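Notes for the structure review
One-letter residues, chain by chain:
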Amino acid sequence: ALGRMKLRDSCSASQLRAAGAAWLEKGQRRLGATRARREQSVVSCMLVGSEKVYFVAIAFRLFALRIRNQLMSSAKLTRVDVPVVCVGNVAWGGTGKTPCVHMLIKLFSDISRSAPVSQSQACKSVIVASRGYALDEISHISEYARTAGISVELAVGKDRHREIQRAIDRIRGRKRPTTPAFAVMDDGLQSLRIQIDYGILMIDATRPFGINRRLIPAGTLREPLVWTLQRVHLVVLHNANLVAPRRLAALHKFFKRKLQLFSRILPKATVTCSSCVPHAFLVVKSDNTVQILQRNQLSHRPPKLCTLCAIANPEPFEALVIEFSCRINAYSNEEPLKATNELVQRFRFVDHHQFTLRELLDVRNAARKNGAQAVVITEKDWFRDQTLLREVFYDAAVELWILAIKLVPHDPRVFRQALQETVARS
């Protein structure tokens, strides 16, 4: 090595050490490059093999879905005794189905109150059908209906036709029987066993074609988009307030053009937009009560927050937390919202994840270490692990906040007209 570097007799010991270190570093880089090329060749071979397996799997899935749809379409669809409104999606999770169900229930309550007394008394019940994953969504819907004073009968199970029919029998078997106006299904557009009178397809405008436009298991698409568009009456571009207006207009034009291809099947199908709007931070108190956050309760301006969520798409939730925390930081309506807030830390889990005690303790300790005032969660996470969350954040230095959101349609007349036509069939 010393001969290669052509060192002179006058070189000092420090120069010799530096030259030796440079030569060793050069040799390690060469060796690392050789190993990297070998690993890259191995990885490329594996990717080529996995790509072939992926295409075979997707081809088999498409073939199985096609056979299933043909068998279901040839069979006679079962109809329940009430009209059915289905709120579904084509990309798995995080598209705003549950807030849309809340909005439909509230809209039906407003329609019933504005209707004549005899009609509102005859139809004052709503059936909500759900698959019941972890019971978080159905608990959220039940609590929302209870606080709003709306009569809702729950139908939880995989066989939605059987569960809806059982709910109808329970309503009619009461001492004061009522006639259910309609049944709303939280998810189920891909279920071809039950007759759907009005289908609503929820599309997340932030990622309208899933994470990578691929089918499950390589992506989040349940089936090709064109297959689902043949069975829906309304396409809702949700989270429209989180995308640029130019992109939103392009998505609106794209889905409207796609629906025109199936105008012979559903001539009245249309496209609309909706926004996910936060309206309050709910603070969980030590006495097990939940109160609305007031501005004088903020210890930082803007507040230092951490987020904790177990939903399919956490990015819109985190963006809404940042936006709303800056909004409540303003002292008056005349003051411009120039404050920018960043989350101290983000804790993400898979959709419908059941929190453990160890996980929540780690989140609380990390938030306390980073100086956060509160940990913000979603309403769905709160209703799923309410008891454990109260236990961990009971009288703690870090507060627990719940971001309360609601779906605001850009054109409420579309939903109102659809609901009125559906209820009129009952």
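Residues numbered from 1 in each chain as written. Predicted model: local features only at pLDDT ≥ 70, side-chain atom pairs only at ≥ 80, totals over all residues. Heavy atoms only, no water.

**Concerning empty space enclosed by the protein**
Taken as a whole, this structure holds three cavities of 30 Å³ or more when the rule is applied. By volume, the largest cavity is sized at about 50 Å³. Lining the largest cavity, in full, are Ala91, Trp92, Gly93, Thr95, Asp204, Arg207, Gly210 and Thr220. Looking at the lining of the largest cavity residue by residue, the classes come out as two nonpolar, four polar and two charged. Taken as a whole, the second largest cavity encloses approximately 40 Å³ of empty space. Lining of the second largest cavity is provided by Val85, Leu104, Tyr198, Ile200, Phe415, Ala418, Leu419 and Thr422. Looking at the lining of the second largest cavity, the element that brings in the most residues is helix H12 (residues 412–424), giving four residues. (1 Å grid on protein atoms, 1.4 Å probe; cavity = no way out; pocket = protein on both sides within 12 Å on 5 of 7 lines; lining within 4 Å. Points joined across faces, edges and corners; volume = space filled by probe spheres on them. Nonpolar A, V, L, I, M, F, W, Y, C, P; charged D, E, K, R; others polar. Helix = DSSP H or I, 4+ residues; strand = E, 2+ residues; numbered from the N terminus.)

**Looking at the packing of aromatic side chains**
A complete count under the given rule lists seven aromatic pairs for this structure. When the centroid spacing of 5.3 Å and the interplanar angle of 75 degrees are considered together, the rings of Phe349 and Phe355 count as edge-to-face. By relative accessible area, which is 23% here, Phe349 ends up partly exposed. In this structure Phe355 comes out as buried when scored by relative accessible area, which is 4%. One cation-aromatic arrangement involves Arg213 over Phe209; the distance from NZ or CZ to the ring centre is 4.3 Å. (Phe/Tyr/Trp six-rings, centres within 6.5 Å; stacked < 30°, edge-to-face > 60°. Buried < 20%, exposed > 50% of the residue type's maximum accessible area, 1.4 Å probe, protein only. Lys NZ or Arg CZ within 6 Å of the ring centre and 35° of its normal.)

**Description of H12**
With 13 residues, H12 extends 18 Å between its outermost C-alpha atoms, agreeing within 8% with the 18 Å of an ideal straight helix rising 1.5 Å per residue. Along H12, the positions that sit buried rather than exposed are Val414, Phe415, Ala418, Leu419, Thr422 and Val423. The buried side chains of H12 occupy one side of the element, clustering within an arc of 150 degrees when seen end-on. Seen from the buried face of H12, the exposed residues on the opposite side, beyond 90 degrees, are Arg413 and Ala424. (Expected span 1.5 Å × (residues − 1). Arc of directions from axis to C-beta.)

**What to know about the environment of Pro99**
Looking at where Pro99 falls in the secondary structure, it is placed in helix H2 (residues 97–114). Through-space distance from the C-alpha of Pro99 to that of Leu407 is 5.6 Å; in sequence the pair is 308 residues apart.

**A closer look at the pattern of salt bridges**
Taken as a whole and assessed by the stated rule, the structure comprises 17 salt bridges. Between Asp411 and Arg413 there is a salt bridge; the shortest N-O distance is 3.2 Å. Residue class for Asp411 comes out partly exposed when judged on its relative accessible area of 24%. On the basis of relative accessibility, which here comes to 64%, the residue Arg413 falls in the exposed class. Within the structure, one salt-bridge network assembled from shared partners comprises Glu137, Asp351 and Lys380. (Salt bridge = Lys/Arg side-chain N within 4 Å of Asp/Glu carboxyl O.)

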